[in-house]
Amino acid sequence: MVPLTKIGPGGDFDPLRIEPGQRVFVLTGAGISAESGVPTFRDAGGLWEQHRVEDVATPEGFARDPVLVWRFYSERRKKAGTVKPNPAHLALAQLQERLGERLFVCTQNVDALHERAGSRVWHMHGELLKSRCAECDREPFHDEAQYPDALPRCHCGGLLRPNVVWFGEIPFGMDRIFEALSACDLFVTVGSSGAVYPAAGFVSHLRNVPNVEGRWARCVYVGLEKPENAHSFDECRLGRAGELLPTLFAP
Ligand code: NAD
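Source: prediction; values computed, not measured.

Rules of the game
- Residues numbered from 1 in each chain as written.
- Predicted model: local features only at pLDDT ≥ 70, side-chain atom pairs only at ≥ 80, totals over all residues.
- Heavy atoms only, no water.
- Salt bridge = Lys/Arg side-chain N within 4 Å of Asp/Glu carboxyl O.
- Helix = DSSP H or I, 4+ residues; strand = E, 2+ residues; numbered from the N terminus.
- Buried < 20%, exposed > 50% of the residue type's maximum accessible area, 1.4 Å probe, protein only.
- Pairing = 2+ DSSP bridges.
- Near = heavy atom within 4 Å.
- Polar contact = N/O pair within 3.5 Å; in protein donor to acceptor, adjacent residues only side chain to side chain.
- Nonpolar A, V, L, I, M, F, W, Y, C, P; charged D, E, K, R; others polar.
- Phe/Tyr/Trp six-rings, centres within 6.5 Å; stacked < 30°, edge-to-face > 60°.
- Expected span 1.5 Å × (residues − 1).
- Core = buried A, V, L, I, M, F, W, Y, C linked by side-chain atoms within 4.5 Å.
- Contact = heavy atoms within 4.5 Å.

Focus: the pattern of salt bridges
Alright, step 1. One pass over the full model with this rule turns up 15 salt bridges.
Alright, step 2. Notably, a salt bridge pairs R161 with E169, separated by 2.9 Å at the nearest N-O pair.
Alright, step 3. Residue R176 is joined to E179 by a salt bridge in which the shortest nitrogen-to-oxygen separation is 3.8 Å. Of this pair, R176 and E179 are both found in helix α7 (residues 174–181), three residues apart, which corresponds to roughly one turn of the helix.
Alright, step 4. The exposure class of R176 is partly exposed, given its relative accessible area of 31%.
Alright, step 5. Salt bridges sharing common partners tie together R52, D55 and R64.

Some words on the pairing of strand β9 (residues 160–164)
Alright, step 1. Most of β9 is tucked away: five of the five residues are buried.
Alright, step 2. Pairing analysis gives five bridges linking strand β7 (residues 126–133) to β9, with the strands arranged antiparallel. Among the inter-strand pairings, R132 is bridged to a residue of β9, identified as R161.

Section: the site of the ligand
Alright, step 1. Contacts to the ligand come from 28 residues, most closely from Q108, D111, S192, S193 and E225.
Alright, step 2. The contact in question runs from an oxygen atom of the ligand to an N or O atom on the side chain of H125, over 2.8 Å.
Alright, step 3. G191 has a polar backbone atom sitting 3.4 Å from an oxygen atom of the ligand.
Alright, step 4. Secondary-structure elements contributing two or more residues to the shell around the ligand are α1 (31–34) and β11 (218–223).
Alright, step 5. Residue contributions to the shell around the ligand peak at three residues, all from α1.
Alright, step 6. Grouping the amino acids of the shell around the ligand by side-chain chemistry returns eleven nonpolar, twelve polar and five charged.

Looking at the packing of aromatic side chains
Alright, step 1. If you walk through the whole model with that rule in mind, you get eleven aromatic pairs.
Alright, step 2. Ring centres of F72 and Y73 lie 4.9 Å apart, and the angle between their planes is 85°; this geometry places the pair in the edge-to-face category. In this pair, the class of F72 matches that of Y73, namely buried.
Alright, step 3. Judged by centre distance (5.6 Å) and plane angle (65°), the ring pair of Y221 and F233 falls under edge-to-face. In this pair, Y221 sits in strand β11 while F233 sits in the loop between β11 and β12 (235–238), placing the two residues twelve residues apart along the sequence.
Alright, step 4. Overall, the relative accessible area of 0% leaves F233 in the buried class.
Alright, step 5. Through successive ring pairs, a cluster of aromatic residues spans F25, F104, W122, F178, F187, F202, Y221 and F233.

Topic: helix α5 (residues 87–99)
Alright, step 1. With 13 residues, α5 should reach 18 Å at 1.5 Å per residue; the first-to-last C-alpha distance of 18 Å fits that figure.
Alright, step 2. Looking at α5, one finds that the buried residues are A88, H89, A91, L92, A93, L95, Q96 and L99.
Alright, step 3. Sitting at the amino-terminal end of α5 is N86, which places a side-chain oxygen 2.7 Å from the backbone nitrogen of A88.
Alright, step 4. Among the residues trailing α5, G100 stands out with phi positive, at a value near 60°.

What about the nonpolar core?
Alright, step 1. L186, V188, L245 and F249 are the most contacted members of the largest nonpolar core, which totals 24 residues.
Alright, step 2. Secondary structure elements with two or more residues in this core: β2 (24–28), α5, β5 (103–107), β10 (186–190), β11 and α9 (241–244).
Alright, step 3. No other element matches α5, which puts five residues into this core.
Alright, step 4. Not counting the four nearest positions on each side in its chain, V188 is found in contact with L16, F25, V26, L27, V220, V222, L248 and F249.
Alright, step 5. F25, C106, F202 and Y221 belong to the second-largest nonpolar core, a separate cluster that totals 22 residues.

Quick look at the structure:
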């Protein structure tokens, strides 16, 4: 299937209609935060702040050199304090005000920009501003502290780690995500290269399985360029998230 591709923000984008009772699933990726000044993974070209992904975003990297990993996340926490939501985050918060429970926002991002815009959001890859114990089952907790030198420890003596999902780990709440996917009539991905699984596979799941009411979800991509999984979408709308999101949905 070849998705219809439109380049915007031109006048030929028809706003997406949401009929009464219909449910919407929005998946966001690093591209939605790019206009807030948070670099995408793509932009980093496989290197993140001069580090190899294997060294700073895998459980093996943490086991090898936890000081380096905490230094990396401390730097990201420092930057996280300075960024603000952009019009794309705000547009989704407004949509959530309108649709309530009928909108499920799931993000691959670990930043807190959706929350700062006022959205309730499912963080499938965890949250930068939370930590958890690498050893005991203590609940993850809010933590904006930076640990550039000494390693932080839990009350149990175990090492603390950032509450983020690293490459090779299972994203959080996949059952809840698939429940929301199977209920949706409209699926929109914003700013995700379609290269990181399992999130990149949500759209092909919807191509193969109708929703709980037996209808097929309409699948739309919004981002700067066609993603790697473009063939699974009905439509790709190319442009900046901050310019396209505010008028993406019909009032
Ligand atoms: P990605 O970096 O692989 O892809 C980003 C996509 O966004 C690209 O396709 C790019 O064309 C698009 N894009 C860039 N600027 C845009 C804009 N202004 N408007 C719309 N689209 C834009 O990101 P990914 O697919 O989310 O996967 C990368 C992984 O890295 C994820 O697991 C994510 O957790 C992590 N990550 C998170 C953050 C964050 O929390 N903000 C930042 C970088 C990476």
